Amino acid sequence: MSDSAPVIDVRGLRKSFGTTRALDGLDLSVELGGVHGFLGPNGAGKTTTLRVLLGLLHKDGGEARLLGGDPWTDAVALHRRLVYVPGDVALWPSLTGGETVDVLGRLRGGLDATRRDELLEAFALDPTVKVAAYSKGNRQKVALVAALAADVELYVLDEPTDGLDPLMSEVFRDAVGRLRDRGRTVLLSSHVLAEVDAVCDRVTIIRSGRTIETGSLRAMRHLQRLTIVAETRHELHGIRDVPGLHDLTSEAGMLRCTVDPGHLDELLSHLSAAAVLSLEVRPPTLEEMFLRYYGQAGA
Amino acid sequence: MSPAGRAAQSRVAVLARPAPASAFVGTGTLLRLALRRDRVRIPVWVVFAGYLSIAVAQSWDRLYPTVGSRRELATSIAVDPTLSAILGPLFDPLGTGGLTAWRIGSGTLLAMGLVASFLVVRHSRADEVEGRAELLLGGPVGRAAPLAAALATAAVLLLAWGLVTAVLLRAAGLDTGGSVAFGLGQACAGLVLAGFAGVATQLARTSRGANGLAGLAIGLAFLVTATGNAREGGSPLQWLAPFGWAQQTRAYAEERWWLLAVSVAAALVLAAAALHVAARRDLADGLIAQRPGRGGAATWVTGPVALAWRLDRAGLLVWAAGFAVLGAFEGALLTTSVDLVTGNAALLELLERLAGGTTDIRDAFLVDMTGLFSLVAAGFGISTALRLRAEEEDGRAETVLASPRSRVAWLFGHGSSALLGSVLLLVAGGLTLGLVHGAAEGDALAQGLRATGASLLGAPAVLLLVGVTLALIGVRPSWAAPVSWVLLVWCVLTGFLGAVLGLPEWLRQTSPFGHVPLWPAVAMSWTPVVVLTAVAVALVAVGVLALRRRDMPS
């Protein structure tokens, strides 16, 4: 694989289950190195996409390449170079947590014992407890320890912190940060926006089996409306004629609105003409971007 | 094209997908994992079966010490089509080895087939349903590896079972060649039955579905061989199914070794077909297309009891259909038996003497057949009652109990379908038996009612066993499954092999089925019916009272 080729390259991917169309021309491109967020509401097709990339499901149409190979026919060879943590972690109830980590590691040809013990310690996991006695969060930790103890090129994590408490989510973020520092690639599906905001460099947002936006978080924010809250000494006249304003409310010298990035300058000259007392300019939160993409603006 | 046509086409398309490279990587590791998970279960079955085979082998010299007594035994067996159908031909009535192989062969193979099939499903489809397969296949594990490991685990179980039996029979003084032919013949035929389960895991999407399909295939294979055996002198059907291949191996009587190769070849074909699909289908998919269900609940599903019946409905219908098929088979067999015996006065006299005098021979056959129904119905009842345990362990019980519904209502969910469902099965089996037999005799209705009555007399004993399961779910939930199943195995053993094993009478009477009135073969006695029913009611009451006092989930 050349350096320029993407780690994951999905184009026009389609997959149906009976009459239900789960993926309807989805695109996803993940570059080498860094953490890529894969965002979408429940049922958008995140897990289906990951399962096609893992060769667990056979695509109906479109292109899907993973680490330069075919996810279906080269599944085993590709899986030596990646780890996967499913969204719903199910384990063997009669094995202990430690046994499970080892079995999963041995399937890949063994794991680094030091790293395993460090991670067990960091996640505060007792390896001698049987899986049947673990909570959902602890089962999740078992799978994460097994995955993070592996040294591979790609880490595919489906909703990895679902079920973890905030403290453990922090431990997870540290671990992912270290993977990024070592030049590894992480694909992280999530609907927890704060998590994506905290660890991801780039994101792909999907809805109903299609990609609706992809790029770096910073660039995506630049394309988004800014939220403005301003207080002026004088009445604002003709503010409604300024192009690019939305969600406008203006009364008693208080202005609230959102503005398209290209029209910020015109709005500011209008405001300064009315003598600004205070001004707050806020880039969009991921939530706002998310809601706008899903057509629920103003929610 | 119709939706059904499109669905069928998409199923076929799955088979034509490109073969993935290295579909079997990781099989060895998964095999070791499976053996680790079954490290108690496998030795227990092997040792138990081995003990049983030598216990039976050692009983013949005590029960039938002389050549004369064995000749008489052979005559009585030869004229009993029911016995010949179920156990197969007796090739060497004079030798201990021949008698042993004949007596335990088909029953043991049935047990081997079911144990191996459930094992295959547990290590393949069940792992997939529970989501563990996703974790494995997301690693460097080939798509067909879990099934390959499951089949290999079943092969380990069956070969250990067969070889240990062979070694123990040899140690008990039987002929070496015959012992090996018997043990391996059983093991190889068992591989075919495990192969059925392998295919079933690729057809069905659920563990229950796969277990059901495998059980159905094993039942059909058994019926095919039994039908072949029932005809006097045998018929080609004897050669069509694995039960026939095991019987026709003729252990201890001029062995036909080549039949082992037939079994192995059939097992390999089934395994190859199943693995072909496993390597190509989607995760969690099955070749039987999934139909969309209804958009809302039926109006009658209003509480825990109705919910449980909704959940158990499909299973109960399949079991009832199975009982109807079994009943029809036994009905036809009863007609054959009666015709054969009544046409031969000397035989009739011999049989009536063996049966203890005045009995009508038709009624003697009838109670034997309905006795089988009650043991199988108890299996249904126990497995249905144990769904309560699964509900509790998987957390679904919490959802129901967090609603304003009592624990008692929850218990009577699957509890009521276990109790009433097993009675329904007895009716289904008895009625079809009587109708099919009666149709040949020209009095379908009378025979139908008579056989239904005989079959229903087993109900109190069945309810008692289900009652034990329900009581344990209240008192000691973790014991419910193992104790219930061990108890059923005990009842089956005392019922079928009690005499052969030489168990003392009091020990045989520990089985509730030992107290079931043998009407119409013997005059009706109501006392055991009342006592067994009272014990069953008391056990259910214990379950209810204990459940209200314990932690949930325990």
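Residues numbered from 1 in each chain as written. Chains lettered and ligands numbered in written order. Predicted model: local features only at pLDDT ≥ 70, side-chain atom pairs only at ≥ 80, totals over all residues. Heavy atoms only, no water.

Undergrad: What is the right way to look at the overall build of chain A in this model?
TA: Scanning chain A for helices and strands turns up 10 helices and 13 strands. Seen along its three principal axes, the alpha-carbon backbone of chain A occupies a region of about 70 × 45 × 40 Å. Burial analysis of chain A (299 residues in total) assigns 49% to the buried set. For chain A, long-range pairs separated by at least 24 residues make up 68% of all intrachain contacts whose partners lie at least 6 apart in sequence. For chain A, the exposed area adds up to about 13200 Å²; of that, 49% sits on carbon and sulfur atoms. Separation of charge centres in chain A, based on 34 positive and 41 negative side chains, amounts to 5 Å. (Helix = DSSP H or I, 4+ residues; strand = E, 2+ residues; numbered from the N terminus. Buried < 20%, exposed > 50% of the residue type's maximum accessible area, 1.4 Å probe, protein only. Contact = heavy atoms within 4.5 Å. Areas by Shrake-Rupley, 256 points an atom, 1.4 Å probe, with all protein chains shown as cover. Lys, Arg positive; Asp, Glu negative; His and termini not counted. Charge placed at Lys NZ, Arg CZ, Asp CG, Glu CD.)

Undergrad: Which parts of the structure should I look at to understand the packing of helix 17 (residues 361–385) of chain B against helix 20 (residues 407–441) of chain B?
TA: Working note: a packed helix pair is described by the angle between its axes plus the distance between those axes. Residues and elements named next belong to chain B. Direction vectors running N to C along helix 17 and helix 20 enclose 155°, while the axes themselves pass 9 Å from each other. If you check the angle between helix 17 and helix 20, you find them roughly antiparallel. Like other packed secondary-structure pairs, helix 17 and helix 20 cross with a definite hand, here right-handed. Counting all contacts with helix 17, which are made through R362, L366, M369, T370, F373, S374, A377, F380, G381, T384 and A385, the residues of helix 20 involved are H414, S417, A418, G421, S422, L425, L426, G429, G430, L433, H437 and E441. (Axes fitted to C-alpha atoms, helices over the stretch in contact; angles between N-to-C directions. Parallel < 35°, antiparallel > 145°, perpendicular 65-115°, else oblique. Left-handed = near helix turned anticlockwise from the far one by under 90°.)

Undergrad: Would you take a moment to explain the nonpolar core for this structure?
TA: The nonpolar side chains of a soluble globular protein tend to be buried with one another. Ranked by internal contacts, the top residues of the largest apolar core, which has 86 residues, are I8 and L28 of chain A. When neighbours within four sequence positions are excluded, I8 of chain A is seen to be in contact with L28, S29, V30, L53, R65, L66, L154 and L187 of chain A. (Core = buried A, V, L, I, M, F, W, Y, C linked by side-chain atoms within 4.5 Å.)

Undergrad: Would you explain helix 10 (residues 286–293) of chain A in this entry?
TA: Each α-helix winds once per 3.6 residues, and so residues spaced three or four apart point in a common direction. Residue and element names in this part refer to chain A. Those residues of helix 10 that fall on the buried side of the exposure criterion are L286, M289, F290 and Y293. Within helix 10, the buried residues cover an arc of 100° as seen down the axis, which keeps them to one side. Where helix 10 is buried, its residues touch strand 3 (34–39), helix 7 (193–199), strand 8 (202–207), strand 9 (210–216) and helix 8 (217–222). (Arc of directions from axis to C-beta.)

Undergrad: Looking at this structure, how should I read the packing of aromatic side chains?
TA: The way to describe two aromatic rings as a pair is by their centre distance and the angle between their planes. Scanning the model with the defined rule gives seven aromatic pairs over all chains in all. Aromatic pair W45 of chain B and W161 of chain B: ring centres 5.9 Å apart, planes at 15°, arrangement stacked. Residue W45 of chain B is found in helix 3 (residues 41–57), and its partner W161 of chain B is found in helix 10 (residues 145–171); the two are separated by 116 residues along the sequence. Ring geometry for W239 of chain B versus W258 of chain B: centroids 6.4 Å apart, planes at 0°, classification stacked. Taken as a pair, W239 of chain B in the loop between helix 12 (207–230) and helix 13 (242–248) and W258 of chain B in helix 14 (residues 258–278) lie far apart in primary sequence, 19 residues in all. Here the aromatic residues W45, F48 and W161 of chain B are joined through ring pairs into a cluster of three or more. R17 of chain B extends its terminal NZ or CZ atom over the ring of W72 of chain A, reaching a point 5.5 Å from the ring centre. Note that R476 of chain B overlies the ring of W479 of chain B, its terminal NZ or CZ placed 4.4 Å from the centroid. (Phe/Tyr/Trp six-rings, centres within 6.5 Å; stacked < 30°, edge-to-face > 60°. Lys NZ or Arg CZ within 6 Å of the ring centre and 35° of its normal.)

Undergrad: Just to check I follow, could you spell out the interface of chain B and chain A for this structure?
TA: By a widespread convention, an interface's size corresponds to the accessible area lost as its parts come together. Every contact between the two is made by 31 residues of chain B and, on the other side, 29 residues of chain A. Interface area for chain B against chain A, summed over the two sides, is near 2700 Å², with a carbon-plus-sulfur share of 62%. Taken as a group, E134, L135 and P140 of chain B account for 26% of the area that chain B buries against chain A, more than any other trio of residues on that side. Viewed at the interface, chain A and chain B are joined by three salt bridges. Note that R51 of chain A and E134 of chain B form a salt bridge whose closest N and O atoms lie 2.9 Å from each other. Scanning the region where chain B abuts chain A turns up 13 residue pairs in polar contact (both at pLDDT 80 or more). Elements supplying a minimum of two residues to the side of chain B that touches chain A: helix 2 (27–37), helix 8 (125–130) and helix 9 (132–137) of chain B. Looking at the side of chain B that touches chain A residue by residue, the class counts come to 14 nonpolar, six polar and 11 charged. (Buried area = accessible area lost by both parts, 1.4 Å probe. Salt bridge = Lys/Arg side-chain N within 4 Å of Asp/Glu carboxyl O. Polar contact = N/O pair within 3.5 Å; in protein donor to acceptor, adjacent residues only side chain to side chain. Nonpolar A, V, L, I, M, F, W, Y, C, P; charged D, E, K, R; others polar.)

Undergrad: Looking at this model, I keep getting lost on the side chain of T258 of chain A. Mind explaining?
TA: Residues and elements named next belong to chain A. In this fold, T258 is placed in strand 12 (residues 254–259). What makes T258 buried here is its relative accessible area of 7%. Within the local environment of T258, its side chain forms a polar contact with the side chain of D247, the two groups lying 3.0 Å apart. Excluding its chain neighbours within four sequence positions, the residues that come into contact with T258 are R225, L226, T227, G244, L245, H246 and D247.

Undergrad: I tried to follow the pairing of strand 11 (residues 245–251) of chain A on my own but got confused; where do I start?
TA: Working note: regular strand, side chains alternate between the two faces of the sheet. All names here are of chain A. Across five bridges, the pairing between strand 11 and strand 12 is antiparallel. Bridged to T249 within strand 12 is R256. In sequence, strand 11 turns back onto strand 12 through a hairpin of two residues, with A252 there showing a positive phi of about 50°. (Pairing = 2+ DSSP bridges.)

Undergrad: How do you make sense of the environment of L33 of chain B when you look at a structure like this?
TA: Topologically, L33 of chain B is positioned in helix 2. Using a relative accessible area of 7% as the deciding quantity, one classes L33 of chain B as buried. Along the primary structure L33 of chain B and D551 of chain B are separated by 518 residues, whereas in three dimensions their C-alpha atoms are 33 Å apart. Apart from the residues lying within four places of it in its own chain, the contact partners of L33 of chain B are W92, L95 and V103 of chain A.

Undergrad: Is there a simple way to explain unusual backbone geometry in this structure?
TA: Among all residues save glycine, negative phi is the norm, and among peptide bonds the norm is trans. Following W519 of chain B, the chain continues to P520 of chain B via a peptide bond in cis, the omega torsion being 5°. Looking at where P520 of chain B falls in the secondary structure, it is placed in the loop between helix 24 (505–508) and helix 25 (527–547). Even without a glycine there, the phi angle at A275 of chain A is positive, about 65°. Mapped onto the fold, A275 of chain A is located in the loop between helix 9 (264–273) and strand 13 (276–282).

Undergrad: Help me out: how do you make sense of the pattern of salt bridges in this one?
TA: Side chains that differ in sign of charge can pair as their charged atoms come close. Following the criterion strictly, the structure yields 37 salt bridges over all chains and no others. Notably, a salt bridge pairs E99 of chain A with R36 of chain B, separated by 2.6 Å at the nearest N-O pair. Of this pair, E99 of chain A sits in helix 3 (residues 97–107) while R36 of chain B is found in helix 2, placing the two residues in two different chains. The exposure class of R36 of chain B is partly exposed, given its relative accessible area of 23%. A salt bridge links D260 of chain A to R225 of chain A; its shortest N-O distance comes to 3.2 Å. With D260 of chain A in the loop between strand 12 and helix 9 and R225 of chain A in the loop between helix 8 and strand 10 (226–232), this residue pair connects regions lying 35 residues apart in the sequence. You can call D260 of chain A partly exposed: its relative accessible area is 23%. Here the salt bridges share partners, and the residues they tie into one network are K15 and D60 of chain A together with R17 and D282 of chain B.

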